[in-house]
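# Secondary and tertiary structure notes
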Amino acid sequence: MRDYLLTLCVTAAVTYLLTGPVRKFAIATGAMPEIRARDVHREPTPRLGGIAMFFGLCAGLLVADNLQNLNGVFELSNEPRALLSGAALIWLIGVLDDKFEIDALIKLGAQMIAAGVMVMQGLTILWIPVPGVGTVALTSWQGTLLTVALVVITINAVNFVDGLDGLAAGMVCIAAAAFFLYTYRIWYGYGIEAAAPATLFAAILMGMCVGFLPHNMHPARIFMGDSGSMLIGLVLAAGAISVTGQVDPDALKIFEGSTRQATHAALPVFIPLLLPLTIIAIPFADLVLAVVRRTWNGKSPFAADRGHLHHRLLEIGHSHSRSVLIMYFWSALIAFGVVAYSVHSASMWILLVVVALSAVGLVLLLLPRFTPRAPLWAQAFVPPRYRRHRRTEAEAREAVETGGDPAVAGAGAGAARAHGQEHEPPAEVRTPVPAGVNGATAIGARSRLPDRRKAGSRQ
């Protein structure tokens, strides 16, 4: 565990320290596209954050190769080299896309090639446990197709959810933490060396996300871009493929009996392995809904829109930060809930806790529908959005002159202030801001937005 933590810290430190210079490089090279209609940020922000994440990955693998307890992973398995080869290819395509906007079909082909490169070097699914049947060995073509499909789906699921500041990095970090706990238990608890590469991949992935998040939290100073989102999606898929295709179900020896009975009884244990997308269930659900929505509307599945889950949270009335935290909550609930259930599937307490937390999550989703007001004696102890706002004489006079009801106008203004939308302009009148060093600079403070408030309004 000490070596894994050291690898994680080195990866996080390298990623964090390189993100600042990468931001300056992105601004200097013009990797700051104009704001699109589907974007939620208001000023051009540099991309190419995946460059720092890739060098963090390289640093983590280099450190692990020189540690006494982890260098055996590189001696007994070729999977770390396979991961590095596939990651380098997908990272290069992502960098070109962040700068020149590559066609979606070209990116899809590059994702398949990157997965094929990993398969050629041994990172592939060899067998899968099927309930009621037992361990099913896959042919070379079957394993290759299943591996490529898993890599492409995971990469695009992570890429689709990368729409808010800190969202993709945080959700993947949560998924990697849950996956690390599971694979470490298999490697250390049962002595199965085949799970060591997946444990290493999860630790490095956590370091990449932790190191990048301080620069990417709202308001973000840099975006990871496709070079980062596709990279972390590939690493997550590589860990899932490694532990799924290399760990023999019979090696756990948890259950007695025939192979078929053991595999059927151990199904909850292999849920995170057979279906690693349950670890990133939220991004995967967003991917499926996006494809169905766009196809139903007669559009290409790769056509961008504002119908993702995080966009819907903003439309409901959640703030940017609260939308990200809600997505974190559901990702953690699903990821750690599945891992806990796979360890103790017979415990009813785990199911009850998951149900209770799900109810809490539903309440959080519906919070913007209610605008409670605290009593006068509690005004100083609650957030500003729940306080009673007193209107000035100028506001009351303005409401009377316009023919409106002062009380109704005051309630509307209070509700707008409660959701932080008092001075928000409509989305359709927001004009794109040209990219350039005036939007976000690498030296000095970020430029302020133009004052869009009406004359006489209060801050």
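Positions within a chain are numbered from 1, following the residues in the order the chain's sequence is written. Where totals are concerned, whole chains, interfaces and linings use all residues; where local detail is concerned, this predicted model gives features only for residues with pLDDT of at least 70, and gives and counts side-chain atom pairs only at 80 or more. Hydrogens and water molecules were not included; the side-chain quantities draw on all heavy atoms of the structure.

This part covers the overall build of the chain. What counts as a helix is a DSSP run of H or I of at least four residues, what counts as a strand is a run of E of at least two, and both are numbered from the N terminus. The secondary structure content of the chain amounts to 18 helices and 2 strands. The rule is simple: take the accessible area with a 1.4 Å probe, protein chains only, and divide by the maximum for that residue type; under 20% is buried, over 50% is exposed, in between is partly exposed. Residues classed as buried in the chain amount to 45% of the 459 residues present. Considering only residue pairs separated by 6 or more positions, the chain has 75% of its internal contacts joining residues 24 or more positions apart. In these tables, accessible area is a Shrake-Rupley quantity obtained with a 1.4 Å probe, and a residue counts as shielded only by the protein chains included in the view. For the chain, the computed accessible surface area is about 22300 Å², with 66% contributed by carbon and sulfur atoms. Any pair of residues with heavy atoms lying within 4.5 Å of one another is described as a contacting pair.

Bringing the packing of helix 1 (residues 2–28) against helix 8 (residues 196–216) into the picture now. Every axis corresponds to a line fitted to the C-alpha atoms, with the helix fit spanning only the stretch in contact, and the corresponding angles, defined between N-to-C directions, vary from 0 to 180 degrees. For the pair helix 1 and helix 8, the least separation of the axes is 7 Å and the interaxial angle reads 35°. Relative to helix 8, the crossing made by helix 1 is right-handed. Each residue is assigned to one class: nonpolar for Ala, Val, Leu, Ile, Met, Phe, Trp, Tyr, Cys and Pro, charged for Asp, Glu, Lys and Arg, and polar for all the others, Gly among them. For the contact of helix 1 with helix 8, a count of residues per class yields 13 nonpolar, 9 polar and no charged. When the near helix sits turned anticlockwise from the far one by under a right angle, the crossing is termed left-handed; a clockwise turn instead gives a right-handed crossing.

Next up on the list: the packing of aromatic side chains. Between 30 and 60 degrees the pair is tilted, below 30 it is stacked and above 60 it is edge-to-face, where a pair is any two Phe, Tyr or Trp rings, Trp via its six-membered ring, whose centres lie within 6.5 Å. Taken as a whole, this structure holds 7 aromatic pairs when the rule is applied. Taking 4.3 Å as the distance between ring centres and 10° as the angle between the ring planes, the aromatic pair formed by Phe-54 and Trp-91 counts as stacked. Of this pair, Phe-54 sits in helix 2 (residues 50–65) while Trp-91 sits in helix 4 (residues 79–100), and the two are 37 residues apart along the sequence. The pair Phe-54 / Trp-91 is uniform in exposure class, with both members buried.

Let us look at the pattern of salt bridges. Within this document, salt bridges are pairs made up of a side-chain nitrogen of Lys or Arg and a carboxyl oxygen of Asp or Glu, the two lying within 4 Å of each other. Counted by the stated rule, this structure contains 3 salt bridges. Among the ionic pairs, Asp-226 bridges to Lys-107, the shortest N-O distance being 2.7 Å. Residue Asp-226 is found in helix 9 (residues 225–246), and its partner Lys-107 is found in helix 5 (residues 104–120); the two are separated by 119 residues along the sequence. We classify Lys-107 as buried; its relative accessible area is 13%.

At a minimum axis separation of 9 Å, helix 5 and helix 6 (residues 140–161) run at an interaxial angle of 130°. In terms of axis orientation, helix 5 runs oblique to helix 6. In the crossing of helix 5 with helix 6, the sense of the turn from one axis to the other is right-handed. Each of Leu-108, Gln-111, Met-112, Ala-115, Gly-116, Met-118 and Val-119 in helix 5 lies in contact with helix 6, whose residues at this interface are Thr-144, Thr-147, Val-148, Val-151, Val-152, Ile-155 and Asn-156. Residues of the contact of helix 5 with helix 6, tallied by class, amount to 9 nonpolar, 5 polar and no charged. For this classification, under 35 degrees means roughly parallel, over 145 means roughly antiparallel, 65 to 115 means roughly perpendicular, and everything else is oblique.

The next thing to look at is the nonpolar core. In plain words, nonpolar cores are sets of buried Ala, Val, Leu, Ile, Met, Phe, Trp, Tyr and Cys residues tied together by side-chain atoms within 4.5 Å. Core analysis: the largest hydrophobic core is formed by 93 residues, its most contacted members being Tyr-4, Leu-57, Leu-200, Leu-205, Leu-231 and Ile-232. Take this core: its biggest share by element is 17 residues, from helix 7 (residues 167–190). Those residues within four positions of Ile-232 in sequence are excluded, and the remaining contacts are Met-53, Val-158, Ala-168, Val-172, Leu-205, Met-208, Cys-209 and Met-224.

The end-to-end C-alpha distance of helix 2, which contains 16 residues, comes to 23 Å, matching closely the 22 Å that a straight helix rising 1.5 Å per residue would cover. Turning to helix 2, its buried residues are Gly-50, Ile-51, Ala-52, Met-53, Phe-54, Gly-56, Leu-57, Ala-59, Gly-60, Leu-61 and Ala-64. A helix is expected to span 1.5 Å for every residue after the first.

Okay, a nonpolar patch on the surface next. Residues Met-348, Trp-349, Leu-351, Leu-352 and Val-355 make up a contiguous nonpolar surface patch of roughly 580 Å² in combined accessible area. Tracing the backbone through its elements, the reader meets Val-355 in helix 16 (residues 348–366). Patch criteria: residues need more than 30% relative accessible area and no salt bridge. Like-charged residues are merged within 9 Å; nonpolar side chains of Val, Leu, Ile, Met, Phe, Trp and Tyr are merged within 5 Å.

With that settled, the discussion passes to the state of the cysteines. Note on terminology: disulfide denotes any pair of cysteine sulfur atoms within 2.5 Å. Summed over the entire model, instances satisfying the criterion amount to 0 disulfides. Here Cys-173 is not disulfide-linked; the sulfur of Cys-209 is the nearest cysteine sulfur, at 5.3 Å. Of the residues examined, Cys-173 reaches a relative accessible area of 16% and is grouped as buried.

Of note, the phi angle at Leu-48 is positive, near 65°, even though the residue is not glycine. Locating Leu-48 in the fold gives a position in the loop between helix 1 and helix 2. One non-glycine residue with positive phi stands out, namely Glu-101, at about 60°. Note that Glu-101 resides in the loop between helix 4 and helix 5. For Glu-101, a relative accessible area of 47% translates into the label partly exposed.

The predictor attaches a confidence to each residue, and that confidence, scored 0 to 100, is pLDDT. This prediction gives the chain a mean pLDDT of 75; 63% of its residues lie at or above 70. Averaged pLDDT values over the elements of the chain bottom out at 45 in helix 18 (residues 406–418) and peak at 95 in helix 2. Note on residues 404–459: pLDDT is under 50 here. Beyond four places in sequence and across chains, it has 79 contacts.

Take the side chain of Ser-242 next. Inspection of the secondary structure assignment puts Ser-242 in helix 9. Under the rule applied, a polar contact is a pair of N or O atoms within 3.5 Å (in protein, one hydrogen donor and one hydrogen acceptor; residues adjacent in sequence only if both atoms are side-chain atoms). A polar contact of 2.5 Å, which involves the side chain of Ser-242, links it to the side chain of Glu-79. Setting aside residues up to four positions removed in sequence, Ser-242 forms contacts with Glu-79, Leu-123, Ala-194, Pro-197 and Ala-198.

In this structure Trp-91 comes out as buried when scored by relative accessible area, which is 17%. Not counting the four nearest positions on each side in its chain, Trp-91 is found in contact with Gly-50, Ile-51, Phe-54 and Ser-227.

So, on to the environment of Thr-144. Looking at the secondary structure, you find Thr-144 in helix 6. On the basis of relative accessibility, which here comes to 21%, the residue Thr-144 falls in the partly exposed class. In this structure the C-alpha to C-alpha distance between Thr-144 and Ile-125, which are 19 residues apart in sequence, comes to 7.4 Å. Not counting residues up to four positions away in its chain, the partners in contact with Thr-144 are Val-119 and Thr-124. At 2.8 Å, the side chain of Thr-144 and the backbone oxygen of Ser-140 are in polar contact.

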